[in-house]
Amino acid sequence: MQILAFGGGNPATAVDYLVVGGGAGGGGTVTNNYGGGGGGAGGFRTDTSFAVTPGVALTVTIGAGGAGGVAGGANDGASGNNSVFSTITSAGGGAGGGSNRVGVAGGSGGAGSAAKAGGSGNTPSTSPSQGNAGGTGTTNPPYAGGGGGGAGAVGGNAVDNVRAGNGGNGTSNSYSGSAVTYAGGGGGGKDSGQPGTAGTGGTGGGGAGGDGGNASNGTANLGGGGGGAGLTAVSNGAGGAGGSGVVIIRYADTFDPATTTGSPTETTSGGYRIYNFTGSGTITF
């Protein structure tokens, strides 16, 4: 007896996602003894079995990283921009504070400069948390910047005459088909004429702080925060820019391919169809 199949296709109705916001810029320097605070990493959100409706296009937005604070001017960094998949938003990282200024709240918080506090992470609040707070600069001269918060750890506080704060480490995820660490915070900056070391960037794309000059940028498509600027007795540095975010969507390869705009990378690995967006677009299952 012949069995007839009715209906068409086998679209996915649930997917796994990773959404990382854009990292923030680190603070610049404007006076001769205040290192900049590191920028906070973009928010990090992931989940499994997220329900989707076949035939409905879902928006994907990739948050840009924030600019680093300029040397010798209005010198806070800029906060990162949000990344979005459907109803899920990962906040951009909070800006690193410029000379003698507080860090800004964000997906992960930016760090403060001098004795100023870092910004709160997980802002706005999500459960599980999308990030951690930034660190505090040194309370005594020579004033160094704290480290920006990361997805996996708070940003480090600067330690007097020892080092600027290290960026908080990010979090590893394998939805791309291999283990990648995302959303590390930027390290704090310091005066090159003083003892100690600049802050290291957190694992997951955080930029290193400057030691007597410009800081390093966060890594693109990892959502890392930019480093805080360093300075010398006669010159100021610029903060590093934050790295852009990323959205990765996967589901079992027994289901039909999705239709996309925005040219994501499409791969099949480990039994999954994987869509890696580094630019904005849409996806329809």
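Summary of the structure given here. (Residues numbered from 1 in each chain as written. Predicted model: local features only at pLDDT ≥ 70, side-chain atom pairs only at ≥ 80, totals over all residues. Heavy atoms only, no water.)

### Description of the sheet that holds strand 1 (residues 14-20)
Turning to step 1, where the next piece is worked out: Spatially, 2-1-8-11-10 is the arrangement adopted by the five strands of the open sheet, whose pairing is antiparallel. Each end of this open sheet is capped by a strand with a single partner; those strands are strand 2 (44-51) and strand 10 (265-269). Across the sheet, the axes of successive neighbouring strands diverge by a mean angle of 15°, strand direction being ignored.
Turning to step 2, where the next piece is worked out: For strand 10 and strand 11 (residues 272-277), the ladder comprises five bridges, and the chain directions are antiparallel. Bridging from a neighbouring strand, T265 pairs with N276 of strand 11. (Pairing = 2+ DSSP bridges. Helix = DSSP H or I, 4+ residues; strand = E, 2+ residues; numbered from the N terminus. Axes fitted to C-alpha atoms, helices over the stretch in contact; angles between N-to-C directions.)

### Description of the environment of V52
Turning to step 1, where the next piece is worked out: Inspection of the secondary structure assignment puts V52 in the loop between strand 2 and strand 3 (58-61).
Turning to step 2, where the next piece is worked out: With relative accessibility at 7%, the residue V52 sits in the buried group.
Turning to step 3, where the next piece is worked out: In sequence terms V52 and P142 are 90 residues apart; their C-alpha atoms lie 54 Å from each other.
Turning to step 4, where the next piece is worked out: In this structure, V52 is in contact with A12, T13, A14, V15, L58 and F285, ignoring residues within four places of it in sequence. (Buried < 20%, exposed > 50% of the residue type's maximum accessible area, 1.4 Å probe, protein only. Contact = heavy atoms within 4.5 Å.)

### Section: the sheet that holds strand 3
Turning to step 1, where the next piece is worked out: Taken in spatial order, the five strands of this open sheet run 5-4-3-12-9, and their pairing is antiparallel. What marks the edges here is a single partner per strand, and that holds for strand 5 (88-90) and strand 9 (259-261). Taken over all neighbouring pairs, the strand axes of this sheet differ in orientation by 20° on average, direction set aside.
Turning to step 2, where the next piece is worked out: Direction of pairing for strand 3 relative to strand 4 (residues 83-85): antiparallel, over a ladder of two bridges. Bridged to V60 within strand 4 is F85.

### A word on the packing of aromatic side chains
Turning to step 1, where the next piece is worked out: This structure, assessed with the given rule, holds six aromatic pairs.
Turning to step 2, where the next piece is worked out: Here Y17 and F50 contribute two aromatic rings whose centre-to-centre distance is 5.4 Å and whose plane-to-plane angle is 90°, an arrangement assigned as edge-to-face. With Y17 in strand 1 and F50 in strand 2, the pair connects residues that are 33 residues apart, well separated along the chain. F50 shares its class with Y17; the two are buried.
Turning to step 3, where the next piece is worked out: Aromatic pair Y251 and Y275: ring centres 6.1 Å apart, planes at 15°, arrangement stacked. With Y251 in strand 8 (residues 246-252) and Y275 in strand 11, this pair connects stretches of sequence that are 24 residues apart.
Turning to step 4, where the next piece is worked out: For Y275, a relative accessible area of 2% corresponds to the buried category.
Turning to step 5, where the next piece is worked out: Here a set of aromatic residues connected by ring pairs shows up, and it is made of Y17, F50 and F85.
Turning to step 6, where the next piece is worked out: The lysine or arginine in question, R250, covers the ring of Y272, its NZ or CZ lying 3.8 Å from the ring centre. (Phe/Tyr/Trp six-rings, centres within 6.5 Å; stacked < 30°, edge-to-face > 60°. Lys NZ or Arg CZ within 6 Å of the ring centre and 35° of its normal.)

### Some details on the side chain of S108
Turning to step 1, where the next piece is worked out: Tracing the backbone shows S108 in the loop between strand 5 and strand 6 (171-173).
Turning to step 2, where the next piece is worked out: Among residues more than four places away in sequence, those in contact with S108 are G40, A41, G93, G94, S120, G121, G131, N132, G149, G150 and A151.

### Details of the pattern of salt bridges
Turning to step 1, where the next piece is worked out: Following the criterion strictly, the structure yields three salt bridges and no others.
Turning to step 2, where the next piece is worked out: R101 is the salt-bridge partner of D76, the closest N and O atoms lying 2.8 Å from each other. You can see D76 sitting in the loop between strand 3 and strand 4 and its partner R101 sitting in the loop between strand 5 and strand 6, a full 25 residues away along the chain.
Turning to step 3, where the next piece is worked out: The class for D76 is partly exposed, based on a relative accessible area of 24%.
Turning to step 4, where the next piece is worked out: K190 is paired through a salt bridge with D211; the nearest N and O atoms lie 3.1 Å apart. Note that K190 is positioned in the loop between strand 7 (180-182) and strand 8 and D211 in the loop between strand 7 and strand 8, a separation of 21 residues in sequence.
Turning to step 5, where the next piece is worked out: Its relative accessible area of 4% is what places K190 among the buried residues. (Salt bridge = Lys/Arg side-chain N within 4 Å of Asp/Glu carboxyl O.)

### With respect to the side chain of R45
Turning to step 1, where the next piece is worked out: Within the fold, R45 resides in strand 2.
Turning to step 2, where the next piece is worked out: For the buried residue R45, which engages in no salt bridge, the nearest side chain bearing the opposite charge is D47, 7.2 Å off.
Turning to step 3, where the next piece is worked out: A polar contact of 3.0 Å, which involves the side chain of R45, links it to the backbone oxygen of T89.
Turning to step 4, where the next piece is worked out: In contact with R45, not counting residues within four places along its chain, are Y17, L18, V19, I88, T89, S90, T126 and Q130. (Lys, Arg positive; Asp, Glu negative; His and termini not counted. Polar contact = N/O pair within 3.5 Å; in protein donor to acceptor, adjacent residues only side chain to side chain.)

Remember that the coordinates give geometry; whether it matters functionally is a separate question.
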